[in-house]
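# Observations on the three-dimensional arrangement
So you can see what is in the structure, the chains are spelled out below.
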Amino acid sequence: MSTKRCTDEFKIEAVRQIVEYGRPLAEVAERLGVSAHSLYGWRRQHGLGEVGRRVEVDQNAEIRRLKAELRRVTEERDIQKKAAAHFARG
């Protein structure tokens, strides 16, 4: 059994496909021709580095944006409900 050496860039890109793009680990391992065990190790080693932090920051920003949009839409709905009730009475 020969040992295939992979560059750090290759490992980081493989982990990025799992962490950032959400591809299944087994699929990435098969496509790249590496073992799933190797990918688990690389993810542990590189997964919470710059790529993981960037993804987490992006997700947090998206959550804040969606919460703000939900507040706005809820307020609009409440105003429309009150207006409909007002016009229904009078």
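To keep things clear, this report deals only with the structure shown in the data block.

Thresholds applied
- Residues numbered from 1 in each chain as written.
- Predicted model: local features only at pLDDT ≥ 70, side-chain atom pairs only at ≥ 80, totals over all residues.
- Heavy atoms only, no water.
- Axes fitted to C-alpha atoms, helices over the stretch in contact; angles between N-to-C directions.
- Helix = DSSP H or I, 4+ residues; strand = E, 2+ residues; numbered from the N terminus.
- Parallel < 35°, antiparallel > 145°, perpendicular 65-115°, else oblique.
- Left-handed = near helix turned anticlockwise from the far one by under 90°.
- Contact = heavy atoms within 4.5 Å.
- Nonpolar A, V, L, I, M, F, W, Y, C, P; charged D, E, K, R; others polar.

## Brief notes about the packing of helix H2 (residues 25-32) against helix H3 (residues 36-46)
Remark: H2 packs on H3, axes separated minimally by 9 Å, with the N-to-C direction vectors making an angle of 115°. When the axis of H2 is compared with that of H3, the two are roughly perpendicular. Note that H2 runs across H3; the crossing there is right-handed. Each of Leu 25, Val 28 and Ala 29 in H2 lies in contact with H3, whose residues at this interface are Ala 36, Leu 39, Tyr 40 and Arg 43. For the contact of H2 with H3, the class distribution of residues is six nonpolar, no polar and one charged.

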